[in-house]
Amino acid sequence: MEPCKYFGTCVHHYGYVESSGSLRKTSRNIPLLLRAIGNDPLKVKNYIQLAKESDLAGDRKSAEKYCRMGLEICREAERGVQKDTGLKGWLLAFLSCLVSENPGNASGISEIETILSREQPSELIRLVLYQQLVHLYAEEEPKKAVQYGRKFEGLLDHMDETGGLWTRQGYGEFDENYIKSPERLYGARAGCAACALKTRDWDAALYFLKLFPWETEDILQRYYPFFEQWKEEYSPHFPRMLSEILEDRCIVCGIGDVSEIQMCQETGIPSYLLLQKARDDFNGGKQEEGLNLILYCMVHMEDGYLRQLCLNEALCHETSIVPLAAQMDLGAWNHLWETAADELPFALNSRMGKCAEEIGHRFPLHSLCVKRHGLGQKLHKGFPLWSGLTETLEDYCRCILEFYRGLYREEWLTEDNAAFLPAEYGFARISLKALEALRAEQTVEAVRLLRDAFHIYPEMTGVIIELTRQAVYRMNDPAKHADAEFLQLAGRMKDTLRTLMASGQTAQAAAILDQLLPLLPDDLELIRIRQEVIRRTKV
């Protein structure tokens, strides 16, 4: 027993982690606790532990029952001499969490508001209850959520300003750390901001937004998607709020003008706000200022979602992507462009090709990633006809092969190792063979190969189906085997069509078009003339 040492740290044990083992331990603990209650039915701590064990076992109904039993003992004690606000406060807080998870929000709201009016909970427990009410009211009565959010913030300031309250009133997990945990604190503030925006209470929305940790970008990152959604739904009010917050941050950081940011390495201003400023500059015709801010953001940001936004802006405004490529590993870069190809309009496809050329010399594999996703977007969104479809697919497959030659040793890239190589590499090899078979008019063999390619890489299902459809159609295409005389006649008919369209004789042009288009179904000029005929007819 000697020597004794004093250990000056408080250790809390909150039960077992959620796992298969925890269920065994819970089933062991619950009978022991029930036996302890039988021996001492007035010991509140046993009810607390039973409620926690029941909740851990997934039995919320029993957890709620033991909470209420413990509370009744606390109320009886208050009528006498004994009183322990810590135990009662914990039970009230835990009960509020349990009833908040019950189906429907009305019963939970009623229970928590009754607790607030009748039980006179401590300031810390009121904070827990206010947070619960914010989430419960958010869906159906957003104004009430904002009101309780205001109460929460006022009481939180009081707790911080009054020395010792946090220490005196904390019990178990319900303490200062619980209230101020980033997920809980900023989640409630985000909910209040959303409710204020929904009710067009712009002042309240700005109030809650300013309470976000704008100096701590790793916490802000989880809210960027919400900010982007609000920017679209509540324009121009929400963008103006972001501009005001940016001005405040500049004052705090001692930056007189945002243009000075380019000279700073660490500003304390989140890249998201600078990206919004860049967008404002672009919209206001300040191209140079916008480009400078985009470049700054590319160099300093780390969040993947923010990088995606930055890349999209760079593509839209033709900003250099070299700074972004210089700081990203190949896996993250590939994912970035995969998302961009999926989200961005096809009108920016040519810009993707220019980006691939821009970084080709310094970052060849990064360049092939961009090229590959650009060609993939062209296949999926460009709706190319036969010649364009086959040429683009061939370029796409050769790009994939070149990419993997840069990653693997040549002796690995053999058919014997096909099962060990990435699926898209196998797809590219087989598809190139299918294209060769199509050029040799071996349609049956080509279709067989395309079926194999489909099973290897289902992501290209749409492209394979379209290629197969056009290949089968071309087997009976009368223009495919046309001789020189037919092509000369078709050329004269197209000349006549142009003349008729130019002179406004739409009906006569339509009659010739009806004869010529079935013979040359893939002729882009004839397809455009057909679209113009339809437009004129509708007008």
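The structure we're discussing is the one just above.
Bear in mind that the values here come from a model prediction, so they are computed numbers and not experimental data. (Residues numbered from 1 in each chain as written. Predicted model: local features only at pLDDT ≥ 70, side-chain atom pairs only at ≥ 80, totals over all residues. Heavy atoms only, no water.)

## Description of the overall build of the chain
Threshold: Helix numbering and strand numbering both begin at the N terminus, where a helix is a DSSP run of H or I of at least 4 residues and a strand a DSSP run of E of at least 2. The quantity called the radius of gyration is restricted to C-alpha atoms. Its globule counterpart is 2.2 Å times the number of residues to the power 0.38. Residue contacts are defined here by distance: any two heavy atoms, one from each residue, within 4.5 Å place the two residues in contact. Surface accessibility follows the Shrake-Rupley procedure with a 1.4 Å probe radius. Residue values consider only the protein chains on display as shielding. Counted charges follow a simple rule, with Lys and Arg positive, Asp and Glu negative, and His plus the chain ends left uncounted. Charged side chains are reduced to one point each, which is NZ for Lys, CZ for Arg, CG for Asp and CD for Glu.
The helix and strand tally for the chain stands at 28 helices and 0 strands. Radius of gyration (C-alpha) of the chain: 34 Å, far over the 24 Å computed for a compact globule of 539 residues. C-alpha atoms of the chain, sized along the principal axes, occupy 115 × 60 × 55 Å. A separation threshold of at least 6 residues defines the contact pool for the chain, and within that pool the share at least 24 residues apart is 63%. Total accessible area computed for the chain in this model is approximately 29,100 Å², and 52% of it derives from carbon and sulfur atoms. Within the chain, one finds 63 positive and 79 negative side-chain charges whose respective centroids are separated by 4 Å.

## Observations regarding the packing of helix α13 (residues 224-233) against helix α17 (residues 304-316)
Note the cut-off: Where helices are involved, their axes are fitted lines through C-alpha atoms of the stretch in contact, as for all axes, and angles between N-to-C directions lie from 0 to 180°. Geometric relationships in this document are graded by angle, where less than 35 degrees denotes roughly parallel, more than 145 denotes roughly antiparallel, 65 to 115 denotes roughly perpendicular, and other angles denote oblique. Each residue is assigned to one of three groups, with Ala, Val, Leu, Ile, Met, Phe, Trp, Tyr, Cys and Pro labelled nonpolar, Asp, Glu, Lys and Arg labelled charged, and all others, Gly among them, labelled polar.
At a minimum axis distance of 10 Å, the contact between α13 and α17 shows a crossing angle of 40 degrees. Compared by their axis directions, α13 and α17 come out oblique. Between α13 and α17, the contacting residues are Tyr224, Pro225 and Glu228 on the first element and Tyr305, Leu306 and Leu309 on the second. For the contact of α13 with α17, the class distribution of residues is 5 nonpolar, no polar and 1 charged.

## A few points about a negative patch on the surface
What counts, and what does not: The residues that make up patches have over 30% relative accessible area and no salt bridge, and they are joined within 9 Å when like-charged or within 5 Å when they are Val, Leu, Ile, Met, Phe, Trp or Tyr. When a carboxyl oxygen of Asp or Glu is within 4 Å of a side-chain nitrogen of Lys or Arg, the pair counts as a salt bridge. When accessible area is computed with a 1.4 Å probe and restricted to protein chains, residues below 20% of their type maximum are described as buried, those above 50% as exposed, and intermediate ones as partly exposed.
Together, Glu338, Asp342, Glu343 and Glu459 make up a negatively charged patch on the protein surface. Examined against the element boundaries, Asp342 turns out to sit in helix α19 (residues 330-343). Asp342 gets classed as exposed once you look at its relative accessible area, which sits at 59%.

## Topic: helix α5 (residues 106-118)
This is how it is decided: Given the number of residues in a helix, its expected span is that number minus one, multiplied by 1.5 Å. Regarding the arc, it is the one traced by the directions from the helix axis to the C-beta atoms.
With 13 residues, α5 extends 18 Å between its outermost C-alpha atoms, agreeing within 8% with the 18 Å of an ideal straight helix rising 1.5 Å per residue. Taken together, the buried positions of α5 are Gly108, Ile109, Ile112, Ile115 and Leu116. Angular distribution of buried residues about the axis of α5 spans 130 degrees; they occupy a single face of the element. Opposite the packed face of α5, turned more than 90 degrees from it, sit the exposed residues Ala106, Ser117 and Arg118. Two residues or fewer after α5 comes Gln120, characterised by a positive phi angle close to 50 degrees.

## Points about the nonpolar core
Rule in force here: Think of a nonpolar core as a cluster: buried Ala, Val, Leu, Ile, Met, Phe, Trp, Tyr and Cys residues, connected wherever their side-chain atoms sit within 4.5 Å.
If you look at the biggest cluster of nonpolar residues, it comprises 151 residues, and the most contacted ones within it are Phe227, Trp333, Trp337 and Tyr396. Grouped together as the second largest cluster of nonpolar side chains are 14 residues, Leu500, Leu517, Leu526 and Val533 included.

## Considerations on the pattern of salt bridges
Scanning the model with the defined rule gives 31 salt bridges in all. Of the charged contacts in the structure, one is a salt bridge between Lys494 and Glu525, with a shortest N-O distance of 3.5 Å. Of this pair, Lys494 sits in helix α26 (residues 484-502) while Glu525 is found in helix α28 (residues 524-538), placing the two residues 31 residues apart along the sequence. Its relative accessible area of 15% is what places Lys494 among the buried residues. Beyond isolated ion pairs, a larger network of salt bridges with shared partners links Glu72, Arg75, Lys88 and Glu119.

## What about the environment of Leu375?
Structurally, the position occupied by Leu375 is in helix α21 (residues 364-381). A relative accessible area of 12% means that Leu375 is categorised as buried. The residues touching Leu375, leaving out its near neighbours within four places in the chain, are Thr392, Asp395, Tyr396 and Cys399.

## Focus on unusual backbone geometry
Residues Ser235 and Pro236 are joined by a peptide bond in cis, for which omega reads 5 degrees. Locating Pro236 in the fold gives a position in the loop between α13 and α14 (237-252). Phi angles above zero are rare outside glycine, and Gln120 is one such case at about 50 degrees. Residue position: Gln120 is located in the loop between α5 and α6 (123-137). Phi at Phe383 is positive, roughly 50 degrees, even though this residue is not glycine. Judged by its relative accessible area of 71%, Phe383 is exposed.

## Some thoughts on a nonpolar patch on the surface
Together, Leu407, Tyr408, Trp412 and Phe420 line one region of the surface with nonpolar side chains, adding up to about 430 Å² of accessible area. Mapping Leu407 onto the fold places it in the loop between α22 (386-405) and α23 (423-439). Among the residues examined, Leu407 registers a relative accessible area of 44% and is labelled partly exposed.

## Considerations on the state of the cysteines
We count it as follows: A pair of cysteine sulfur atoms is labelled a disulfide when the two atoms are within 2.5 Å.
Counted by the stated rule, this structure contains 0 disulfides. The thiol of Cys369 is unpaired, and the distance to the nearest cysteine sulfur, on Cys399, comes to 8.2 Å. The closest cysteine sulfur to the non-disulfide-bonded Cys397 is located on Cys399, 9.8 Å from its own sulfur. Taking relative accessible area as the criterion, Cys397 reaches 0% and is therefore assigned buried.

## Topic: the packing of α14 against helix α15 (residues 271-283)
Our working definition: Crossings are classed by handedness, with left-handed meaning an anticlockwise turn of the near helix from the far one by less than a right angle and right-handed meaning a clockwise turn.
Packing of α14 against α15 leaves a shortest axis separation of 10 Å and a crossing angle of 120 degrees. Overall, the two elements α14 and α15 adopt an arrangement that is oblique. The crossing of α14 and α15 is left-handed. Here Leu242, Ser243, Ile245, Leu246 and Arg249 of α14 lie close against α15, whose contacting residues are Tyr272, Leu273, Leu274, Gln276, Lys277 and Asp280.

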